[in-house]
Protein chains: 2
Amino acid sequence: MELLKQRILKDGVLKEGNILKVDSFLNHQLDITLLNEIGKELKSRFKDKKITKILTIEASGIAIASIAAQHFNVPVLFAKKAKSKNLDGDLYTSEVHSFTYKKDYTITVSKKFLNSDDSILIIDDFLAAGNALLGLIDVANQSKCNVAGIGIVIEKGFQEGGNTIRNLGYQLESLAILDDISDRTIKFK
Amino acid sequence: MELLKQRILKDGVLKEGNILKVDSFLNHQLDITLLNEIGKELKSRFKDKKITKILTIEASGIAIASIAAQHFNVPVLFAKKAKSKNLDGDLYTSEVHSFTYKKDYTITVSKKFLNSDDSILIIDDFLAAGNALLGLIDVANQSKCNVAGIGIVIEKGFQEGGNTIRNLGYQLESLAILDDISDRTIKFK
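Residues numbered from 1 in each chain as written. Chains lettered and ligands numbered in written order. Predicted model: local features only at pLDDT ≥ 70, side-chain atom pairs only at ≥ 80, totals over all residues. Heavy atoms only, no water.

A. Broad picture of the overall build of chain A. Summing up its helical and strand segments, chain A has five helices and 10 strands in all. For 189 residues, the compact-globule estimate of 2.2 N^0.38 gives 16 Å, and the C-alpha radius of gyration of chain A, at 16 Å, lies within 12% of that figure. Overall, the C-alpha framework of chain A stretches about 45 × 35 × 30 Å when taken along its three principal axes. Counting across all 189 residues of chain A, residues that qualify as buried make up 57%. (Helix = DSSP H or I, 4+ residues; strand = E, 2+ residues; numbered from the N terminus. Rg over C-alpha atoms; globule rule 2.2 N^0.38 Å. Buried < 20%, exposed > 50% of the residue type's maximum accessible area, 1.4 Å probe, protein only.)

Here is the structure:
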């Protein structure tokens, strides 16, 4: 997606440890106009798929999923990190290891909101090692819903997550795939 | 806001401890069509105010703020809970005590994205004791931006947060104000 790549080149900042910061438009401050273009693009990538719900994960996925949902006319469901006192006991859960934060956490989704009648699109901002995404797929599989596709805004193409997910047979669409950034320049695959 | 109140009456669930669960449409599963009506209503409540940015807090505020932002044509900025490794050191911070989770946490906003040129609308899903909101106001004051208004979806009118904030002189607009729910029935003020 050219508009997104141009924005990453303009406002993305590379940091030590292969980190690309896009906090000026994607995951701290949010450019809602850009998110709307991302939503349109995701709709075009999955236009032939039956989607009944969008599944994402807090916090950065929520804005992208919510704006995109307007193009699919479906509700959003976001997985929570760690068990919340205000959630019912009847939860799908999955354990996720975060390399970014060097810790494990539990994601939870209420069983009430996902079942075998659903055909979902999973959306998230970043795909790197793929652990969060595998947690969401695990939750989806527990619910016996269909995973119709996976939409990612930025995939780190030099990490294994993308291959792992594609090898499982899912239609994974990443709107920008970063090539090796270890030389501190932003390039796309 | 009548549509919201009807939805709370239809799908809200009262739990022990004066908790109103609205996780089927507002803070776990998200009814994006309803959020769009909420966004329109917030625009109408603040139509004469200059708004340059919407400030909210993760996670439940993000969807509401993002959909509402489309009616204001401004970016969203969401405060993060606890310090993230991927955020710059240059942060506004404020300490917040959560009664719901019985713990303290730190909210952070990058200084890059809020300054004295901004005139912001603060948006959140719930207002009860008001601690999270006071944290957001604290962050806003540190940045010397103008707080043009505060929009809340559901205010617990039997807790002190609403009075506290109004007594500080802010235009606080709550789209549904719950009356005492200790008898386990939902009523509005």
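Okay, back to it.
B. Representation of the packing of aromatic side chains in the model. The final tally for this structure, using the stated rule, is zero aromatic pairs over all chains. The ring of Tyr105 of chain A is capped by Lys81 of chain A, whose NZ or CZ atom sits 5.3 Å from the centre of that ring. (Phe/Tyr/Trp six-rings, centres within 6.5 Å; stacked < 30°, edge-to-face > 60°. Lys NZ or Arg CZ within 6 Å of the ring centre and 35° of its normal.)

C. Structural context of the relation of the copies chain B and chain A. Placing chain B over chain A gives an RMSD of 0.0 Å and needs a rotation angle of 180 degrees, together with 0.0 Å of translation along the axis. What we have between these two chains is a two-fold relation. An overlap of 100% is found between the interface residues of chain B and their copies at the interface of chain A, pointing to a shared contact surface. (Least-squares fit on C-alpha atoms with pLDDT ≥ 70 in both. Contact = heavy atoms within 4.5 Å.)

D. Here's a closer look at the confidence of the model for chain A. In the predicted model, chain A carries a mean pLDDT of 95, and the fraction of residues at 70 or more is 97%. Reported confidence for the predicted complex is 0.95 by ipTM and 0.96 by pTM. (pLDDT = per-residue confidence, 0-100.)

E. Just the pattern of salt bridges, in detail. The final tally for this structure, using the stated rule, is 24 salt bridges over all chains. For Arg7 of chain B, the salt bridge is made with Asp11 of chain B, and the minimal N-O distance between the two is 2.7 Å. Placement of both Arg7 of chain B and Asp11 of chain B in helix H1 (residues 2–11) is noted, with a separation of four residues, approximately one turn of the helix. When its relative accessible area of 22% is taken as the criterion, Asp11 of chain B is described as partly exposed. Linking Lys111 of chain B and Asp90 of chain B is a salt bridge whose minimum nitrogen-to-oxygen distance equals 3.9 Å. In this pair, Lys111 of chain B sits in the loop between strand S7 (103–110) and strand S8 (119–127) while Asp90 of chain B sits in the loop between strand S5 (76–81) and strand S6 (91–98), placing the two residues 21 residues apart along the sequence. The exposure class of Lys111 of chain B is partly exposed, given its relative accessible area of 36%. The network of salt bridges with shared partners includes Arg7, Lys10, Asp11 and Asp31 of chain A. (Salt bridge = Lys/Arg side-chain N within 4 Å of Asp/Glu carboxyl O.)

F. Just the interface of chain B and chain A, in detail. Counting from both sides, the interface comprises 40 residues of chain B and, opposite them, 40 residues of chain A. For the pair chain B and chain A, the summed buried surface comes to about 3,300 Å²; carbon and sulfur atoms form 56% of the total. Taken together, the links from chain B to chain A amount to two salt bridges. Of the charged contacts, one joins Asp23 of chain A and Lys112 of chain B as a salt bridge, the two residues approaching to 3.7 Å between their closest N and O atoms. (Buried area = accessible area lost by both parts, 1.4 Å probe.)

G. A positive patch on the surface, seen in detail. Residues Lys81 and Lys103 of chain A together with Lys81 and Lys103 of chain B make up a contiguous surface patch of positive charge. Position of Lys103 of chain A among the secondary structure elements: in strand S7 (residues 103–110). (Patch = residues over 30% accessible without salt bridge, like charges linked within 9 Å, V, L, I, M, F, W, Y side chains within 5 Å. Areas by Shrake-Rupley, 256 points an atom, 1.4 Å probe, with all protein chains shown as cover. Lys, Arg positive; Asp, Glu negative; His and termini not counted. Charge placed at Lys NZ, Arg CZ, Asp CG, Glu CD.)

H. Structural context of unusual backbone geometry. In this model, Glu58 of chain A is joined to Ala59 of chain A through a cis peptide bond whose omega is -5 degrees. If you trace the backbone, Ala59 of chain A turns up in the loop between strand S4 (53–57) and helix H3 (60–72). Even without a glycine there, the phi angle at Arg184 of chain B is positive, about 65 degrees. Counting through the fold element by element, Arg184 of chain B comes out in the segment after strand S10 (172–178). On the basis of relative accessibility, which here comes to 46%, the residue Arg184 of chain B falls in the partly exposed class.

I. Examining H3 of chain A more closely. Residues and elements named next belong to chain A. With 11 of 13 residues buried, H3 is to be regarded as a mostly interior element. Among the residues of H3, those classed as buried are Ser60, Gly61, Ile62, Ala63, Ile64, Ala65, Ser66, Ile67, Ala68, Ala69 and Phe72. After H3 finishes, the residue Asn73 shows a positive phi value of roughly 55 degrees.

J. Geometry of helix H4 (residues 131–143) of chain B. With 13 residues, H4 of chain B ought to run about 18 Å at 1.5 Å a step, and its terminal C-alpha atoms sit 19 Å apart, in line with that. In the stretch just after H4 of chain B, Lys144 of chain B is the one whose phi turns positive, near 65 degrees. (Expected span 1.5 Å × (residues − 1).)

K. How the structure looks around the nonpolar core. In this structure, Leu4, Ile38 and Ile54 of chain A together with Leu4 and Ile38 of chain B are the most contacted members of the largest nonpolar core, which totals 78 residues. In terms of nonpolar packing, the next biggest core, distinct from the first, is built from 27 residues, Leu127, Ala132, Val139 and Cys145 of chain B among them. (Core = buried A, V, L, I, M, F, W, Y, C linked by side-chain atoms within 4.5 Å.)

L. Fine view of the side chain of Ser94 of chain A. Residue and element names in this part refer to chain A. Mapped onto the fold, Ser94 is located in strand S6 (residues 91–98). Reaching out from Ser94, the side chain makes a polar contact with the side chain of Asp138 at a distance of 2.6 Å. Ignoring sequence-local partners within four residues, the contact set of Ser94 consists of Tyr105, Thr106, Ile107, Gly135, Asp138 and Val139. (Polar contact = N/O pair within 3.5 Å; in protein donor to acceptor, adjacent residues only side chain to side chain.)

M. Representation of the packing of helix H2 (residues 32–45) of chain A against H3 of chain A. All names here are of chain A. Running from N to C, H2 and H3 cross one another at 55 degrees; their axes reach a closest spacing of 8 Å. Regarding the angle of H2 to H3, the classification is oblique. As H2 runs across H3, the sense of the crossing is right-handed. Within the contact between the two elements, H2 uses Ile32, Leu35, Asn36, Ile38, Gly39, Lys40, Leu42 and Lys43 and H3 uses Ala63, Ile64, Ile67, Ala68, His71 and Phe72. (Axes fitted to C-alpha atoms, helices over the stretch in contact; angles between N-to-C directions. Parallel < 35°, antiparallel > 145°, perpendicular 65-115°, else oblique. Left-handed = near helix turned anticlockwise from the far one by under 90°.)

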